[in-house]
Structure formats: structure tokens, C-alpha cells
Amino acid sequence: MNVAGLTLLVLAALGVAVAGKVFQSLSHLKPQSRDAVQATAAQELLQRLIGDRADEFLVTVNSSLSGSEGLDTYRLSFEGRKVAVAGSSGVAAAAGCYSYLRRYCGCHISWSGDQLRVPSPLPPVPAPVTVTSPNRFRYYQNVCTSSYSFVWWDWARWEKEIDWMALNGINLALAFTGQEAVWQRVYLSLGLNQSEIDEFFTGPAFLAWGRMGNLHTWGGPLSSHWIQKQLSLQNKIIERMRSLGMMSVLPAFAGHIPQSLLRVFPKINVTRLGGWSNFNCTYSCSYLLDPEDPLFHKIGGLFMSEIIQAFGTDHIYSADTFNEMNPSSSDPAYLSAISNAIFKSMADVDPGAIWLMQGWLFVNSPYFWKPTQIRALLHGAPIGRMIVLDLFAETVPIYQSTESFYGQPFIWCMLHNFGGNHGLYGKVDSVNTGPFDAKSFKDSTMVGTGLTPEGIEQNDMIYELMNEIGWLSKPLNLTKWISNYSTRRYGRENLNAQSAWQLLLGSVYNCTQYWKDHNHSPLVRRPSLKMNTDICYNESKLYEAWMFMYSATPYLSNSSTFLYDLVDVTREALQQLVTEYYKEIKIAYENEDLEKVMTAGGVLVYDLLPELDNLLSSQPQFLLGRWLESARQMAITKEEESLYDMNARNQITLWGPTGNILDYANKQFGGLVQDYYKERWSLFLWCLIESLNMEIPFRQDLFNQAVFSVENEFIYNGKKYSSTPTGDTLEIVKNIFLKYYPKAGSLH
């Protein structure tokens, strides 16, 4: 054999050795509950889902089914008149149950609604079916999801979500609720007083960024009632997750500290980071403790001990030190020291600790995180003792440019959604092939797939697809899959609905441009004459899909999931029509055509936006009142109620005291369109008309000052919004379609 061939063999052997070391280091990560406990939990989940029909299933858990590699497995068979579902864990058994309901019963489960017409008797399984996941983990959550979506949840909503997680086979998830109670104990033990802690914590809607060191104080304080209620909720979440065989990821110390600690420890070595995302140091500029300072290890150890005492442990901990904040030094030694200190604070308390880190920083700041810096940060922890979430892999996979994160195991993730925006969007081709490309990548250290949306309860289809991918060994036939999806979701086959979904699959759900990963629609942006109107698809396909959905209404109007999709597709079409009217207004203004400005603007402000608001108000999932009421229901005092209402309104609009992250977490809610977006557009139109009438240039800076008053007024006006839908969805859609489809059709 020549030298080149020998070299290749050696390198291959090294790759196998590294991969073996990686996977062996994770072998202790497994369900903690006994098989019988998990089986009972899975059976009870099925009871919650389909009632007494659950008695027709025989659910068992046998951990030995996972084999030597610990891969979740389920088996489906028919025993007598019962469907037998055996799983290697409670999660695997639950996933097997949903697989049966999907495949044999044509059922569907989603955030926006379920279709659970289970045939009687149950269809038989002709021959036993065994399915094994190709990877150890199916991960769920972004650290931001806790604020954008979970923030106002009670136990009933959490229970439903954990059921959804298990049914989709998710076996690894963040468990970040309630950690402020633990931090409070740590800070008090270090000598801070309660007022200093109250001043440090952010409000509920901004806790995710307080936890990552981006913010402090804004939207707070947290009441003792909030802190204790969240602690109690976390215990229920952890208990249920573990009963199903899920592994929970707990928080760890990332190095950020309250400024007040400098009063108690005036000689500690700290670095003050810069402001984050347009926030000044009133609410930002975190203090980062030097990893070599003895207090770093003390705080990390205290927090780890307290968190494990409070919640037990599955040995996986999350910490993100440099989320959208660059380190003060790019010196590899410094970066390794930071990550080593974080890992050591975990491992000294829990020798089996695995550090889970979001890889977003490498996407967000590629000019800082060069190969040398990335390698230094990742190698601060021993190989195999860190799992990196390739957080945005469907768009910017980092594993490719880092040689599989330089040996650390990683999870291929679909981020998909920013801020919990509404808007039909997805990258189905990337989702369908990306995980398999990553698995076959040279010396791949991939150990799982994951969902990492900043906000949920939108675009059910793309999440159903990604969850199914987590159990497959090759890509799907998407054309066939989407037709089956339509039939299962609505409970019956309908060619118009299938045609609509085929068009959506090839347009809004197959965006390829990097920049189109957020809702940039002029509808949900502060108006200007320089708005981004680019889209990543041919709008004629969207309008045609709308036409097919409308044509399906006589046949599917009894389906709640169809009504949701009908509203969602109509909403998307109207969103695009807002863009068309905006373009007309802009061109007319530039041509100094006052009449056309008034005509197009009048349609937009006085008809299209009110119609959109009526549409959204007819379905419960699109109500501003639900979001605000869920916030107020967390309070026990009027002061708390006002604070939580402000948090809820601010997050989806100004995102900060002065519009610091304006419209980032935009939502298309009934009530919000009428009283927020419409008011902004009305003022914009008035300013343009005044500009033409007075023959003076439109000044964006003056408009921004004026519209800020409108935006701020919405946050503090205290207006109550209904949490109950109003109006007949079908009649509203019919009226909108007959009025606006001719214009949409003319744009084909």
C-alpha cells in the first residue's frame, strides 16, 4: 500500500476512534424512570388523547429494545383485538402510538388542533413493524422559546405540550422554568439583599435574555408569587418528562453576574460587556466574571448543587456565555479558559455532566468566531462532554466548516421561526435532506436532530415533517407526503386542499435565500418609504393556493384544523396584498399623485386591514385577547396584572422601552392589527398626504417620533380584548375572497 493510502486508513481509524469516544461519553444519558413507570405514563397519555379508546392499546416499555447503542425503538403488532405498542422508553412507546394513529387511522395531532377520528374497530397491523431512530437524540426548544411562547403557560398547557413532545418522539428538552427561585437562593447566600435581586431580574416576557446575560431589570421586577409558582410548575414539568423517559436539560452558570455582587466582593475580576441589541447599560452591559477568579467556581458550584437538589438531574446542562455578545478577547487561551471554567463548575458537582451549548454565536458573529476561536471554545471541555446544537442548520449549518465541531458531538437543528412570528414559511428541501447529509459527513459526530424555534404554535406542517425525519434513515417523497398530510389533517381526502398544499410546498415552504428567515412584511413593520418588499417565492402560487383552499370550504368546513389553515392562508394572501398596496402608495407618492395615494391608502387602511382583523378575530389561535388574558391570569394583584400586561404587549411590539428591537416578535393577532398596525399605517398615510399637500419632503425621523407615541399608547392604554372568537370564519373568508381575489388573480 502506498503512503497516501496508508495515511487515509490512519485518518479513517482516528475518525472512528473519535466518534467512538464521543458516543461512549454519552452512554450514561438514559431515562431514569423504571420501565413500568414509563409504560404507565405512556398509557395515561393515550388516555388523555383518545379517551376510553386507549383501552384498545397494549402499551409496554422494555429498555433492552434500545440495544447497545441506546437508540430508541418501537414495535407495532396486533394481539387479539388490541394494538400492541412496545417501546424502548415511554417516549418511544408514545411515538409508536402516534405512528399507528397516523399510518393506520389517518389521525393528526398539532398545536392548532387535532384530528382524531379513530376507526372502530381499530385497523389491524398486518405484520409486526419495528422502527429504530437513527440517532440518540431528538431535541426540542430554543432558550428563547421560554419567553416567546411558554411564558404565560399553566400546567394544563404544559401537560398538553409534553404529550405532543412524547408523541413526536422528543427525548431531550430544555427545562428552564423556575430557575429564578434557585438563583435567588444562590444570590442571597452570597450576600445580596432582596432589593438587589429584584432589581436584577427582568420581567417574565424577557427572562430568556436575562438568563443569557443580554439584559437585566427591564420589565421587572419578578414577584415572590411568580418565582414560587414557576418553581412549582417546573417540578411538575420535570416529573412528567422523566416519567415518559425524556431527559431534561437544566441551566448552568455561564459567568454572568449581577452588578450588586461587586458590593459584596469588590475585588473580583470582571469584564463589563457592551450593550446588547440597541439597549444601553440601563438594561444591558452584563458583568462577566473572569474564569480564573475563585468566585467563578464558587458560584457555579453553588448553583449546580442547588439546581440538582431542587430538580434532580439527567446530567445535561445548558449554558450560553456569548449569546449575541462578543468576548472581550479573541485570545484562544482566554476562550478555552472560559469554557473550561464553565464545564468544571458542572463536572465538579456532577461528574457525569454534559454541557449542551447553542451554536448560534457562530452564526451570529462569524467575523469574531474564526476556526481558531471556535476550536478553542469547544475544546475547553473534554471531547464528548459537550453537545453543540447546530441551531440554524437548515440555513447555515456550522458542522461543515468546523469538521463536525472539531470532534464534539452535535445535533442538527431546524430553527425555522424567529420571535414567534406568524407567516407561512419553511425550507422543506433542506429539512428533508440536511440531517442525512450531516450524518454521512466525513467523521460526523452527529448524535441527533432537533427543533429549535424561538416561538411555536405556527406552521404545523414543517414541524410535523421535521419530527418524522428524526425517525427516518432517508429523505421522504415530499409530494406524496404532503398529500397524505392534507388528508390526515382534515380527516378526509380533498383534491382542492391537496392542490393547495402542493402549491404551498413549492412556494412559501421552499424558501432558499438566507435572508428570508423572518417576517419582513411591510404589514408588521413600522411604515417608511424604504421598506423591504422582497419575498422568496412566486406570489402567484400563494394566491392560487388560496383559491384552492377557498374552493375546499364546502367539503371541509367541519374540520377545525381546516378552518385554522383557511384563516392562515387567507392571512398570508392579505399580508402579500398589503405589500402590493404599499407599492402602489409609494409609487404614487414618488409621482406626486395625491389621488392615487389616497385611493390605495384608503383601501389599505379602511378596508383591507379591518377585514384582516375580522378574519383573525374569528379563530381562537389568532386572538390578542388570549395572549393578554393568559398574562393577566398569572397575577394575584392589580400591580402584577398591569406589569404582566405591559410585558405581553411590549414584547410583540416595541420590544424594549424605546423600540429597541422593534417589531421583532411581531404577531398577526385580531385586535393588534386594528389597534396597532392599522393606526401606524393610518398615521403614515396622513403624513404622506400632508407632505404632498404642503409640498414638503416626507421626513422619516419626524414620523418615527410621532408613531412612537401611537405605539407606546397601545402598550399602556389598558384596553381589554376578547379571548373568545367573534364572527363566522367562512362568511368572512368568502367576503374577503370575492372582494380581493380578483386583484390577487390579476397579479399572476
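Refer to the structure printed above.
Caption draft 1: Representation of the packing of helix H20 (residues 539-551) against helix H22 (residues 560-590). Two elements in contact, H20 and H22, have axes separated by 10 Å at closest approach and are oriented at 145°. Helix-helix and strand crossings are classified by hand; for H20 and H22 the assignment is left-handed. From H20, Glu539, Leu542, Tyr543, Ala545, Trp546, Met549 and Tyr550 reach across to H22, where they touch Phe562, Asp565, Leu566, Val569, Thr570, Glu572, Ala573, Leu574, Gln576, Leu577 and Glu580.

Caption draft 2: Inspection of helix H5 (residues 155-167) at higher detail. Its 13 residues place the ends of H5 18 Å apart at the C-alpha level, agreeing with the 18 Å of an ideal helix rising 1.5 Å per residue. Along H5, eleven of the 13 residues are buried, which leaves the element largely enclosed by surrounding structure. By the burial criterion, the buried members of H5 are Trp155, Arg157, Trp158, Glu159, Glu161, Ile162, Asp163, Trp164, Met165, Ala166 and Leu167. Immediately downstream of H5, the backbone of Gly169 shows phi near 80°, a positive value.

Caption draft 3: Fine view of the sheet that holds strand E13 (residues 316-318). If you walk around this closed barrel you meet the eight strands as E7-E8-E9-E13-E14-E15-E16-E17, and the pairing is parallel. Averaged over all neighbouring strand pairs, the angle between strand axes comes to 30°, with direction disregarded.

Caption draft 4: Spotlight on unusual backbone geometry. In this chain, Ser120 is followed by Pro121 through a cis amide linkage whose omega measures 0°. Locating Pro121 in the fold gives a position in the loop between strand E5 (113-115) and strand E6 (129-132). In the segment running from Gly220 into Pro221, the intervening peptide bond is cis, with an omega of 5°. A positive phi angle, close to 75°, is found at Asn278, a residue other than glycine. Within the element layout of this structure, Asn278 appears in the loop between strand E11 (270-272) and strand E12 (287-289).

Caption draft 5: Expanded view of the side chain of Arg157. Looking at the element boundaries, Arg157 is found in helix H5. Not counting chain neighbours up to four residues away, the residues in contact with Arg157 comprise Trp111, Ile456 and Glu457.

Caption draft 6: Just the packing of helix H26 (residues 672-694) against helix H27 (residues 700-716), in detail. Their axes nearest at 10 Å, the elements H26 and H27 cross at an angle of 160°. Considering the angle they form, H26 stands roughly antiparallel to H27. Viewed along their axes, H26 and H27 form a crossing whose handedness is right-handed. Across the interface between the two elements, Leu672, Asp675, Tyr676, Glu679, Arg680, Leu683, Phe684 and Cys687 from H26 touch Phe703, Ala706, Val707, Val710, Glu711 and Phe714 from H27. Among the residues forming the contact of H26 with H27, the class breakdown is ten nonpolar, no polar and four charged.

Rules used throughout
- Residues numbered from 1 in each chain as written.
- Predicted model: local features only at pLDDT ≥ 70, side-chain atom pairs only at ≥ 80, totals over all residues.
- Heavy atoms only, no water.
- Axes fitted to C-alpha atoms, helices over the stretch in contact; angles between N-to-C directions.
- Helix = DSSP H or I, 4+ residues; strand = E, 2+ residues; numbered from the N terminus.
- Left-handed = near helix turned anticlockwise from the far one by under 90°.
- Contact = heavy atoms within 4.5 Å.
- Expected span 1.5 Å × (residues − 1).
- Buried < 20%, exposed > 50% of the residue type's maximum accessible area, 1.4 Å probe, protein only.
- Pairing = 2+ DSSP bridges.
- Parallel < 35°, antiparallel > 145°, perpendicular 65-115°, else oblique.
- Nonpolar A, V, L, I, M, F, W, Y, C, P; charged D, E, K, R; others polar.

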